[in-house]
Amino acid sequence: MTGTLSLDAPQPIDERVAEDPQPVREGKRLPIAYAKRQGVLVAQIRDGVAEIVARPGLSSLALAEVRRVVGLPLKVETVGAQQSDAALQAAYEQQTSET
């Protein structure tokens, strides 16, 4: 599995979700039940890399499934459970309001 590692200071999650330079298309968005259960969110796609945020302890199987669904290399940022839950809620509420 390929991935990228960035040493740059990360943007706060809420800013990245709101900014979203390339929207996460419906086919690349994880089902909400899966995203909540695993604690993982595709925050944005930038330069052909899916930037995801995840709670600590994301399993390698869940990471492989995210990679399969998005079909792109992943850049993973681990955040606390509370931050992850808030980002998930904001992203999926935004999706609901757009449909």
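Being a predicted model, the structure only gives us computed values, none of them experimental.

Thresholds, definitions, all that
- Residues numbered from 1 in each chain as written.
- Predicted model: local features only at pLDDT ≥ 70, side-chain atom pairs only at ≥ 80, totals over all residues.
- Heavy atoms only, no water.
- Helix = DSSP H or I, 4+ residues; strand = E, 2+ residues; numbered from the N terminus.
- Buried < 20%, exposed > 50% of the residue type's maximum accessible area, 1.4 Å probe, protein only.
- Polar contact = N/O pair within 3.5 Å; in protein donor to acceptor, adjacent residues only side chain to side chain.
- pLDDT = per-residue confidence, 0-100.
- Contact = heavy atoms within 4.5 Å.
- Salt bridge = Lys/Arg side-chain N within 4 Å of Asp/Glu carboxyl O.
- Pairing = 2+ DSSP bridges.
- Right-handed = clockwise from strand over helix to strand, strands pointing away.
- Core = buried A, V, L, I, M, F, W, Y, C linked by side-chain atoms within 4.5 Å.
- Arc of directions from axis to C-beta.

### Some points on the side chain of glutamate 51
In this fold, glutamate 51 is placed in strand β3 (residues 49-54). Classification of glutamate 51 by relative accessible area gives buried; the value is 9%. One polar contact links glutamate 51 to glutamine 44, side chain to side chain, over a distance of 2.6 Å.

### Regarding the confidence of the model for the protein chain
When pLDDT is averaged across the protein chain, the result is 76; 67% of the residues are at 70 or more. Of the regions scoring below 50 in pLDDT, residues 1-21 engages in 33 contacts with residues more than four places distant in sequence or in other chains.

### Structural notes on the pattern of salt bridges
This structure, assessed with the given rule, holds three salt bridges. Where aspartate 85 meets arginine 55, a salt bridge forms, and the shortest distance between an N and an O atom there is 3.0 Å. Here aspartate 85, found in helix α4 (residues 81-98), pairs with arginine 55, found in the loop between β3 and α3 (60-70); they are 30 residues apart in sequence, far enough to count as distant. Since its relative accessible area comes to 38%, aspartate 85 is described here as partly exposed. Look at arginine 55 and you get buried, because its relative accessible area is 18%.

### A word on the pairing of strand β4 (residues 74-78)
Where β3 and β4 come together, five bridges link them in parallel fashion. Its bridge partner being in β4, alanine 50 is matched across the sheet by leucine 74. Remark: the β3/α3/β4 crossover connection has right-handed handedness.

### Brief notes about the nonpolar core
Counting residues in each nonpolar core, the largest one holds 18 residues, and the members touching the most others are Leu30, Leu41, Val42, Ala50, Val66 and Tyr92. Secondary structure elements with two or more residues in this core: β2 (40-46), β3, α3 and α4. Those residues within four positions of valine 66 in sequence are excluded, and the remaining contacts are Leu30, Val40, Val42, Ile52 and Leu74.

### Structural notes on α3
When we look at burial in α3, the residues that qualify are Ala62, Val66 and Val70. An end-on view of α3 places all buried positions within 65° of arc, on one side of the element. Relative to its buried face, α3 has exposed residues pointing more than 90 degrees away, namely Ser60, Leu61 and Arg68. Those residues of α3 hidden inside the fold are in contact with α2 (32-38), β2, β3 and β4. At the C-terminal side of α3, glycine 71 shows a positive phi close to 65°.

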